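Chain and residue survey
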Amino acid sequence: MSDRRTTFSIEVFPPKNDTPVESIYSTLDGLSGIAPDFISCTYGAGGNGTKNATIDICRVISENYHIPSVAHLTCVNSAREDIDEVIAQLRENHIDSVLALRGDRNPNIEPKDDFHHASELIAYLRENAPELHISAACYPETHVDSRSAVTDIYYMKEKESCGAERFISQLFFNNDDYYEFLEKTQIAGIKSPIEAGIMPVTSKKSVMRMISICGASLPKKLTRILNKYEDDPESLREAGIAYAIGQISDLIANDVDGIHLYAMNKPDIAQQIYSAVRNQLSSRPSRARVQLLREPRTVNAQI
Ligand code: FAD
């Protein structure tokens, strides 16, 4: 683990129901030249008809663009037979990597009773599709349903014990929160790589909606940017991208395992960010990181 460079991955989502699935091609074409370590594609938590699109898009990413793909898969609204069907589709489409998730509960859909948490899905996949590489989600600022950071990291460890080999984090805007979280995961004995989820902010409305769902906090510095440029989309876009580049640059300098860019199907933004950090991404990890991984510092966190 200690001599690995920082990976760079990108997340896309299936086009909305009223848009042809082929429109994803322009997003993927627009990402050309980046050569991310993988592209992941999101999956509806149920009832929105994008399920098969996820697998189709992952096949296109792997076969047409020769980039490893990761299919998100949620379980809260699925029975075992539904997951068996997805496993068959993954095999048919030669997709060997999934991000196994619980999914958000939808008040309008009665959840099924087979899977209550992502760890149960991970264990089921490990047993029934042992060929799959399984990633899972984690939460630097604690999942919104969680009683405490301690229990959240306890269940993160459980996901690893059930078979998760990598974690991708929820978006966050304050790197210090992330470093503190990483130290807690080390204390908890979590060994799998953890990728930092970064979302470039380009609209006040959409970021406010996003944080109301996922509970991420807004640092003062970013709040000032949002307030100053809320009626000036061009400047907000520029400042939001600069903020994301600053975050990513600092994360790479601190030798994080990976950066996962929530690219929101906006390849021009992904390109701008990638070109600002591409040299940093290809440099080797520092000696300081090796030391951090071997000797966790004393932190306030009690795990
Ligand atoms: P879990 O790991 O099950 O955790 C959910 C909550 O339950 C947490 O509070 C946890 O502490 C607790 N918990 C976990 N295990 C147990 C247990 N055994 N007993 C008691 N409590 C437990 N949603 C989508 O619908 N589609 C997507 O494509 C998608 N992609 C995502 C990608 C990333 C990188 C991230 C971070 C999130 C994504 N989400 C997606 C959102 C995700 O589905 C929600 O955050 C959801 O609320 C939790 O999913 P999870 O897999 O983390 O759940």
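See the structure above.
Summary of the structure given here. (Residues numbered from 1 in each chain as written. Predicted model: local features only at pLDDT ≥ 70, side-chain atom pairs only at ≥ 80, totals over all residues. Heavy atoms only, no water.)

Examining the overall build of the chain
- A count of helical and extended segments in the chain gives 11 helices and eight strands.
- Whereas a compact globule of 303 residues would reach a radius of gyration of roughly 19 Å, the chain reaches 19 Å, a difference of no more than 12%.
- Overall size of the chain, expressed as C-alpha extent along the three principal axes, is 45 × 45 × 40 Å.
- Here the chain, with 303 residues, has 49% of them falling under the buried criterion.
- Residue pairs at least 24 apart in sequence account for 81% of intrachain contacts in the chain once pairs closer than 6 positions are excluded. (Helix = DSSP H or I, 4+ residues; strand = E, 2+ residues; numbered from the N terminus. Rg over C-alpha atoms; globule rule 2.2 N^0.38 Å. Buried < 20%, exposed > 50% of the residue type's maximum accessible area, 1.4 Å probe, protein only. Contact = heavy atoms within 4.5 Å.)

Quick word on the site of the ligand
- Taken together, 26 residues lie around the ligand, and Y43, D104, Y139, D152 and K159 are the ones closest in.
- Y43 has a polar backbone atom sitting 2.6 Å from a nitrogen atom of the ligand.
- Between the ligand and D104 there is a distance of 2.6 Å, counted from an oxygen atom to a side-chain nitrogen or oxygen.
- Looking at the shell around the ligand, the elements that each hand over two or more residues are β3 (69-74), β4 (97-101), α4 (118-128), α5 (149-162) and β6 (166-171).
- For the shell around the ligand, the leading source of residues is α5, giving four residues. (Near = heavy atom within 4 Å. Polar contact = N/O pair within 3.5 Å; in protein donor to acceptor, adjacent residues only side chain to side chain.)

Here's the deal with helix α9 (residues 233-253)
- With 21 residues, α9 extends 30 Å between its outermost C-alpha atoms, agreeing within 8% with the 30 Å of an ideal straight helix rising 1.5 Å per residue.
- Listed as buried for α9 are L236, A239, G240, I241, Y243, A244, Q247, I248, L251 and I252.
- For α9, the secondary structure elements touched by its buried residues are α6 (175-187), β7 (194-198), α7 (204-214), α8 (220-229), β8 (258-262) and α10 (267-282).
- Phi turns positive one or two residues past the end of α9, at D255, with a value near 60°. (Expected span 1.5 Å × (residues − 1).)

Points about the packing of aromatic side chains
- Considering all chains together, one arrives at five aromatic pairs under this definition.
- Taking 5.5 Å as the distance between ring centres and 80° as the angle between the ring planes, the aromatic pair formed by F115 and Y124 counts as edge-to-face. We note that F115, like Y124, is buried.
- Ring geometry for F172 against Y178: centres 4.5 Å apart, planes inclined by 0°, an arrangement best described as stacked.
- Connected via pairs of aromatic rings, a cluster forms that spans F172, Y178 and F181. (Phe/Tyr/Trp six-rings, centres within 6.5 Å; stacked < 30°, edge-to-face > 60°.)

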